[in-house]
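Residues per chain are reported as follows:
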Amino acid sequence: MLRHLNKLRLATLTLIFAALILLPFLSIYQSYRAAYAYDLLAPTEQRLYDAMEWLTESFTNDPAEDLDAIKGTTWSASIFDLKLSDPLAVVGQIAAGARVYSPFLLSALIPIILTVLLGRFFCGWVCPATLLYEINSALSRWLRALGLRSPTRHFDLRFKYGVLAVGLLLSVATGSIFFAIIYPPAIIGRELYYAIALGGFGAGTVFFALTLLFDLLVARRGFCRYLCPGGALYSLLGRYRLLRIARKVEQCNDCTKCDVVCEFGLLPMRDGFGQECNNCTACMAVCPTDALAFRIALTDLPAQGAGHLGRTHLRHGAAHTPGEN
Amino acid sequence: MQRRAFLGDLIQGAVAAATLGAVVPDVVAAPGVRRYLRPPGALAEEDFTAQCIHCGQCAEICPNRCIRYFGLENGLASVDTPYIIPREQACILCMKCGEVCPSGAIQPVPREMEAILDKVHMGTARVDKRICLSWQGKTCGVCYRACPLPDIAIRVGRLEQPHVLDGCVGCGICERSCIQIPQAIRIIPDRRGTAMS
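Residues numbered from 1 in each chain as written. Chains lettered and ligands numbered in written order. Predicted model: local features only at pLDDT ≥ 70, side-chain atom pairs only at ≥ 80, totals over all residues.

## Focus on the overall build of chain A
Then, number 1: Helix and strand content of chain A: 16 helices and five strands.
Then, number 2: Its C-alpha atoms give chain A principal-axis dimensions of roughly 80 × 45 × 40 Å.
Then, number 3: Evaluated residue by residue, chain A yields a buried proportion of 41% over its 325 residues.
Then, number 4: Of all intrachain contacts in chain A linking residues separated by at least 6 positions in sequence, the fraction that spans at least 24 positions is 69%. (Helix = DSSP H or I, 4+ residues; strand = E, 2+ residues; numbered from the N terminus. Buried ≥ 20, exposed ≤ 12 C-beta atoms within 10 Å, placed from the backbone. Contact = placed C-beta atoms within 7 Å.)

## A closer look at the overall build of chain B
Then, number 1: If you tally the helices and strands in chain B, you get seven helices and six strands.
Then, number 2: Tracing chain B from N to C terminus, the helices and strands come up as α-α-α-β-β-α-α-β-α-β-β-α-β.
Then, number 3: By residue count, 42% of the 197 residues in chain B fall in the buried class.
Then, number 4: Sequence-distant contacts, at least 24 apart, represent 68% of the contacts inside chain B between residues at least 6 apart.

## Re the sheet that holds strand β3 (residues 82-85) of chain A
Residue and element names in this part refer to chain A.
Then, number 1: The antiparallel open sheet is built from three strands, whose spatial order is β1-β2-β3. The sheet is open, and its two borders are formed by β1 (70-72) and β3, each paired with just one other strand. Strand-to-strand twist in this sheet, taken as the mean axis angle between neighbours without regard to direction, amounts to 15 degrees.
Then, number 2: As paired strands, β1 and strand β2 (residues 76-79) are joined by three bridges and run antiparallel to one another. (Pairing = 2+ DSSP bridges. Axes fitted to C-alpha atoms, helices over the stretch in contact; angles between N-to-C directions.)

## Regarding the interface of chain A and chain B
Then, number 1: Contact residues are listed per partner, giving 36 residues for chain A and 26 residues for chain B.
Then, number 2: Contributions of two or more residues to the side of chain A that touches chain B are made by α1 (5-34), β1, β2, β3, α4 (87-97), α5 (102-107) and α10 (184-198) of chain A.
Then, number 3: Taken together, the residues that form the side of chain A that touches chain B break down as 16 nonpolar, 16 polar and four charged. (Nonpolar A, V, L, I, M, F, W, Y, C, P; charged D, E, K, R; others polar.)

## Examining the domain arrangement of chain A
Residues and elements named next belong to chain A.
Then, number 1: With domains assigned, chain A is organised as domain 1 (11-72), domain 2 (84-240) and domain 3 (242-319).
Then, number 2: The distance between the C-alpha centroids of domain 1 and domain 2 comes to 28 Å.
Then, number 3: Tallying the contact residues gives 11 residues for domain 1 and 11 residues for domain 2.
Then, number 4: Grouping the amino acids of the side of domain 1 that touches domain 2 by side-chain chemistry returns eight nonpolar, three polar and no charged. (Domains from an automatic or database assignment.)

## Digging into the packing of α1 of chain A against helix α8 (residues 128-145) of chain A
Residue and element names in this part refer to chain A.
Then, number 1: Where α1 meets α8, the closest approach of the two axes is 8 Å, and the angle between their N-to-C directions is 115 degrees. As α1 packs across α8, the resulting crossing turns out to be left-handed. Judged by residue contacts, L13, T14, I16, F17 and L20 of α1 engage P128, T130 and L131 from α8. (Left-handed = near helix turned anticlockwise from the far one by under 90°.)

Here it is in structure tokens:
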């Protein structure tokens, strides 16, 4: 059961990305409807109009008004009068303007509560950049098959907290939220809108392409691991999260598949999750003995030593003390 | 010899281009030179750039697609913030952007006459009588007929000569509709903006 969660996650990510592409098209369609402009449209625009009409006609009779219900991106969105915002946007705005705008703070409340309970789930389950970064990781594996060096550099995971701090200082200094130009979930939604509805990419695309190259050539998932200010904030918020992945040492056979698959370079086989784990469940999906499962607790299990189905444990039996790895 | 002359021309051209390149962007792209409006309900300029989180929802919801976004041309604090060039596409005062804006940079203003007159300060129209057809003796009155707040924001006198009144909120429909090229009526932006509630 649990091993299918990863597929559900990939489906969720794909759905969110598809929505980010669809929303600008719907927005254009709405303005065509509002203007009663079908006869004035170019053939390509008419095809867009027809496609969007086909998509939405079973939901609404008045698309120009009703489609206003869902707007926005993963940075900030409004869904049927419910406004949801990224906590990083709230923190950045407070730094930029030195004041708290309470309606905006409220819009980040649900994400903050979920992060406190579930940890960095946003990074694994929602962020539209994650889909592209994971495709990028797969690409680097294919490139390795072709003989190119794989990205193996490691840096200090704490570097991203520095990025968060510097970003806040820059927001204070410039009087404008700095994260919006370096934070992929903010960039992607906005750039997709620019590209589709306004006809052209902005500077954010260049920055995002550079992060992809960094991941491809220097460090696997390097941006998320070492640089992302949002990831840093979520890690801090989710430090004492309730939902954790834990290893059942009785079922583990020391195969290391989980250590290899972890995009964040964590070591599930050595019980090394910590605040960096985003509950993406990729390790659960590859575990051949179903030794990884969710656990409700405020802390990770201490190191449990070799798995009981593994060679080390079988050879030394119960004499093998936990933690000796 | 010919080659040397060609090289000389090349160097001269390069120097000229470099000089132009160094001078022109300063003139064209200096902040504050561009005449743009912020969406209706926007805060005063400095508060606006501090509050705006660059999410793009205001343009997404704008039925008239008049909202665009700055690149680097208006300074670093303005990157990805919304603006309106009324001559290209003007605001129809539907007030949806303030409703959708999560950050408070565009304050929600109800779509009612009193609220709009009270809170929206995008700018004020100004008529250039040297260009205006009506002021030149050819009856026009297009700006008056386009105005969403006729006789509150603008009234017409003899020969449909437009007079801008205190009620003008600066939506820019008049500038958009002006049949003269260049336009005889322009919105002068008002950077005081809307007060935060």
